[in-house]
Amino acid sequence: MTTGRRWTALGAAGAVGVLLLSACGQIYPSSTPAQGPANGVKPDIHQVVVGFAQQQLQAPYFAAMQVQAQQIADQQGFKILIQAANKDPVIQMNQMQAMMSQGADVMIVNATSVKGQKQMMTQIASKIPVIYIDTSVPGTGTTSVQSDNLTIGRESGKITAKRFKDMGKTSIKMVILTGPATDEFVGPARRQGFLDGLKEGGLPYEIKAEQPGDYAQDKGQVAAETMLAGNPDVDLVLGLNDSMALGAYNVINGKERYKNVYVAASADGQKEGEELIKSGGCTGKYISTGLNSPSLAAEQALQIAVDIATGKKKPSDYPEQTFTKAVGIGCENIDEYYDPNSVF
């Protein structure tokens, strides 16, 4: 791309024409990723400004990540600018531009569209070091701190397979609560991991239906109710996160017609889901989840951001990806991970 040319960012919801403008109204030239803080090294952490472009706050996981990030900034004494894009790549671009104009030295980004933001993030990352968190745009930015969603899902699936086999089931029928249309990598990895875990655990399965719950409890509840009504012989409702699984649990809990229906989450380890696993024990209706800590992700991403901003590290010092710990959580190991005081 040459300076002055218009380029198009494709959002997952459709083609959206976008001009990526600097504060002076010029289009950013394409170049390699920034190799230092946007405003020069700040040896004093109290001078550091970190931008945090969050994809959304509707899911408790993302809301908890924001809370943790703000707490870390307050404790360590640097400034953090936080914006949430409501899953809209155009809004996210504008928010990143605004944070850069407000003096952000380094940017943490939870991308809204893995495929649709490639050009956009190439341009942003040429001006400021970008550390991705949770969802990245491959081939752009400095590094990413992510959950190993495939492994987390697989470990949760293995726990669920064991529970059903312990109940004497030789196969199951299931419905799945998925993410939104823009969920191009994280959700599919969690889904595939969970199914791989069922297979590895020796439990054949049949998928009767799938509907998006957008990672939200209320939407997950509505979608679960619809799928269960049309598939009365289902054994399991799988949510690709705990919020949607909790919505499904609200549908089946205490209802005689759903007495043989169970719920599992492929990932997240949300406190409310873990509470149900703990209280239900190895006969409970909420079978499993997977560790996907927003606190660990925020801590790691912010440490990288501060180290780059203060000159302790260079962007080139980091690998393309860093994964947080991947664990499946069920009745047999719940006490190791359940924390009633957790922010998530």
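Keep in mind the model is a prediction, meaning the values are calculated, not measured. (Residues numbered from 1 in each chain as written. Predicted model: local features only at pLDDT ≥ 70, side-chain atom pairs only at ≥ 80, totals over all residues. Heavy atoms only, no water.)

*Asks:* What am I meant to see in the overall build of the protein chain here?
*Replies:* The secondary structure content of the protein chain amounts to ten helices and 14 strands. The C-alpha radius of gyration of the protein chain comes to 21 Å, within 12% of the 20 Å expected for a compact globule of 344 residues. Overall, the protein chain is about 65 × 40 × 30 Å in size when its C-alpha atoms are taken along their principal axes. Burial statistics for the protein chain: of 344 residues in total, 54% are counted as buried. The contacts in the protein chain between residues at least 6 apart in sequence include a share of 77% that link residues at least 24 apart. When the accessible area of the protein chain is evaluated, it comes to approximately 14,100 Å², of which 49% is carbon and sulfur surface. Computing the positive centroid from 30 side-chain charges and the negative centroid from 33, the protein chain places the two 4 Å apart. (Helix = DSSP H or I, 4+ residues; strand = E, 2+ residues; numbered from the N terminus. Rg over C-alpha atoms; globule rule 2.2 N^0.38 Å. Buried < 20%, exposed > 50% of the residue type's maximum accessible area, 1.4 Å probe, protein only. Contact = heavy atoms within 4.5 Å. Areas by Shrake-Rupley, 256 points an atom, 1.4 Å probe, with all protein chains shown as cover. Lys, Arg positive; Asp, Glu negative; His and termini not counted. Charge placed at Lys NZ, Arg CZ, Asp CG, Glu CD.)

*Asks:* How should I be thinking about the sheet that holds strand 9 (residues 205–212) in this particular structure?
*Replies:* The pairing of strands in a sheet comes from backbone hydrogen bonds and takes either a parallel or an antiparallel form. Reading across from one edge, 9-8-10-11 is the order of the four strands in this open sheet, with parallel pairing throughout. Either end of the sheet is taken by a strand with one partner, and the two such strands are strand 9 and strand 11 (262–265). When the angles between neighbouring strand axes are averaged without regard to direction, this sheet yields 25 degrees. Bridge analysis of strand 8 (residues 172–178) against strand 10 (residues 236–239) gives four bridges, and the strand direction is parallel. By the bridge assignment for strand 10, L177 is matched with G239. Across the sheet, helix 7 (residues 242–252) lies against strand 8, strand 10 and strand 11, angled at about 170 degrees from strand 11, the strand it touches most. (Pairing = 2+ DSSP bridges. Axes fitted to C-alpha atoms, helices over the stretch in contact; angles between N-to-C directions.)

*Asks:* Would you mind showing me how to read the state of the cysteines here?
*Replies:* As used in these notes, a disulfide is a covalent bond between sulfur atoms, one from each of two cysteines. Inspection of the entire model under this criterion finds one disulfide. Residue pairing for C282: its cysteine sulfur links by disulfide to C331, the two sulfurs lying 2.0 Å apart. Given an S-S torsion of about 95 degrees, the disulfide between C282 and C331 has right-handed geometry. Note that C282 is positioned in the loop between helix 8 (271–280) and strand 12 (289–290) and C331 in the loop between strand 14 (328–329) and helix 10 (334–337), a separation of 49 residues in sequence. (Disulfide = S-S within 2.5 Å.)

*Asks:* So what exactly am I meant to see when it comes to the pairing of strand 4 (residues 79–84) here?
*Replies:* Two faces belong to every sheet, and in a regular strand the side chains alternate between them. In the sheet, strand 3 (residues 49–54) pairs with strand 4 via six bridges, with the strands oriented parallel. Residue F52 lies in a different strand from strand 4, and its bridge partner there is I82. Once the chain exits strand 3 it traverses helix 1 (residues 60–76) before rejoining the sheet at strand 4, and the crossover so formed is right-handed. (Right-handed = clockwise from strand over helix to strand, strands pointing away.)

*Asks:* Where do I start with the packing of helix 6 (residues 217–230) against helix 7 in this structure?
*Replies:* When two helices pack together, their arrangement is given by the angle between their axes and by how far apart the axes lie. In contact at an axis separation of 7 Å, helix 6 and helix 7 are set at 50 degrees when each is read in the N-to-C sense. In terms of axis orientation, helix 6 runs oblique to helix 7. Where helix 6 crosses over helix 7, the two elements pack in a sense that is right-handed. Every residue of helix 7 that contacts helix 6 at Q217, G220, Q221, A224, E225 and L228 is listed here: S243, M244, L246, G247, A248, N250, V251 and I252. Here the contact of helix 6 with helix 7 is composed, by residue class, of seven nonpolar, six polar and one charged. (Parallel < 35°, antiparallel > 145°, perpendicular 65-115°, else oblique. Left-handed = near helix turned anticlockwise from the far one by under 90°. Nonpolar A, V, L, I, M, F, W, Y, C, P; charged D, E, K, R; others polar.)

*Asks:* What is the right way to look at unusual backbone geometry in this model?
*Replies:* The phi angle of most residues is negative, glycine excepted, and most peptide bonds adopt the trans form. Backbone geometry places D134, a non-glycine residue, at a positive phi of 70 degrees. As for its placement among the helices and strands, D134 is situated in the loop between strand 6 (130–133) and strand 7 (143–146). We note that D268 has phi near 120 degrees; this positive angle belongs to a residue other than glycine. Given a relative accessible area of 3%, D268 falls into the buried group.

That's the geometry; what it means functionally is another story.
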